[in-house]
Amino acid sequence: MSGPDAEQRQWVLLCYRLPREPSTPRISVWRKLKRLGVAQISDGLVALPADARTQEQLEWIAEEVIAHGGSATVWIAHPAAAGDEQQLIDAMTQARGSEYQQVRAEAEAAHQGDEAERRRALTRLRAELRRIQRRDYFPPADRGTAEQALNALHPANITEESTARSGPPARASTSTAPPAPG
């Protein structure tokens, strides 16, 4: 297929305006939009790739905005120029890439800790990775490196080098024979 509509995605847009006071609803809406991973087009205008889930999520936020005395409309659209769409995609990819880099850095730092610290970090960072993946519409290369760093924290993947720092694991010996010469 060729022409101006070839390969263009549809986007769901939320255009909203909330009163300045009280600030709590504005902060709540901002946090929800950030959790969804929206692309900020301008003040009060955000976008997500259109599908049933993202449309429903932005409709719920629009209802919340209206309930707090604001105005909101949800639109389905596509950018007139491919370059405009690519700018949205690049901004979203860069934002997720930064989040993945943070997870990777925290996983690498946790690798230096003892087993209990690594397990706590693994649990916390797995949850964070899932949150990021839910808002990752255009996965960057950093996603794979974050997943690898997280997998390296798993007890089955700890190398002898890391166990040498904390000493060898205790082993129960059932043999009374002296060790074989090495």
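Shown above is the structure to which this text applies.
So, a few notes on the structure that sits alongside this text. (Residues numbered from 1 in each chain as written. Predicted model: local features only at pLDDT ≥ 70, side-chain atom pairs only at ≥ 80, totals over all residues. Heavy atoms only, no water.)

With four of five residues buried, strand 3 (residues 45-49) is to be regarded as a mostly interior element. Where strand 1 (residues 11-17) and strand 3 come together, five bridges link them in antiparallel fashion. Pairing of L14 across the sheet is with V46, part of strand 3. Bridge count between strand 2 (residues 39-42) and strand 3: three bridges; the pairing is antiparallel. Opposite Q40, over in strand 3, you have V46 as the bridge partner. Counting the residues in the hairpin turn of strand 2 and strand 3 gives two residues, including G44, whose phi is positive at 80 degrees. (Buried < 20%, exposed > 50% of the residue type's maximum accessible area, 1.4 Å probe, protein only. Helix = DSSP H or I, 4+ residues; strand = E, 2+ residues; numbered from the N terminus. Pairing = 2+ DSSP bridges.)

Once that is clear, we can look at the sheet that holds strand 2. Reading across from one edge, 2-3-1-4 is the order of the four strands in this open sheet, with antiparallel pairing throughout. Looking along the sheet, the strands with just one partner apiece sit at the ends: strand 2 and strand 4 (71-77). Each strand axis lies, on average, 25 degrees off the axis of its neighbour in the sheet, ignoring direction. Strand direction decides the pairing type here: strand 1 and strand 4, joined by seven bridges, are antiparallel. (Axes fitted to C-alpha atoms, helices over the stretch in contact; angles between N-to-C directions.)

With that out of the way, let us pick up the side chain of E64. As for its placement among the helices and strands, E64 is situated in helix 2 (residues 52-67). Among the polar contacts listed, one links the side chain of E64 to the side chain of S28, at a separation of 3.1 Å. With residues near it in sequence (within four places) discarded, E64 still touches S28, V29 and K32. (Polar contact = N/O pair within 3.5 Å; in protein donor to acceptor, adjacent residues only side chain to side chain. Contact = heavy atoms within 4.5 Å.)

This next bit is on the packing of helix 3 (residues 82-110) against helix 4 (residues 115-134). With their axes 10 Å apart at the nearest point, helix 3 and helix 4 run at an angle of 170 degrees to one another. With respect to each other, helix 3 and helix 4 are oriented roughly antiparallel. Here helix 3 contributes R96, E99, Y100, V103, E106, A107 and A110 to the contact with helix 4, which in turn contributes R118, A121, R124, L125, E128, L129, I132 and Q133. Tallied by class, residues from the contact of helix 3 with helix 4 come to eight nonpolar, one polar and six charged. (Parallel < 35°, antiparallel > 145°, perpendicular 65-115°, else oblique. Nonpolar A, V, L, I, M, F, W, Y, C, P; charged D, E, K, R; others polar.)

A separate point is helix 1 (residues 23-36). Taking 1.5 Å of rise per residue, the 14 residues of helix 1 would be expected to cover 20 Å, and the 20 Å separating its terminal C-alpha atoms lies within 8% of that figure. Along helix 1, the positions that sit buried rather than exposed are P25, V29, L33 and L36. Projected down its long axis, helix 1 carries its buried residues within an arc of 70 degrees, all on one side. Exposed side of helix 1, more than 90 degrees from the buried face: T24, W30, R31, K34 and R35 are the residues found there. Elements that come into contact with the buried residues of helix 1 comprise strand 1, strand 3 and helix 2. G37 lies just past helix 1 and shows a positive phi near 80 degrees. (Expected span 1.5 Å × (residues − 1). Arc of directions from axis to C-beta.)

If you trace the backbone, L45 turns up in strand 3. Residues L45 and L14 lie 31 residues apart in sequence; the distance between their C-alpha atoms is 5.7 Å.

Right, let's talk about unusual backbone geometry for a bit. In this structure, P22 follows E21 across a cis peptide bond, with omega equal to -5 degrees. Looking at the element boundaries, P22 is found in the loop between strand 1 and helix 1.

What follows concerns the side chain of T54. Structurally, the position occupied by T54 is in helix 2. Judged by relative accessible area, T54 falls into the buried class, the value being 0%. Only 2.7 Å separates the side chain of T54 from the backbone oxygen of P49, close enough to count as a polar contact. For T54, the residues in contact, after removing those within four places along its chain, are V12, L48, P49 and Y137.

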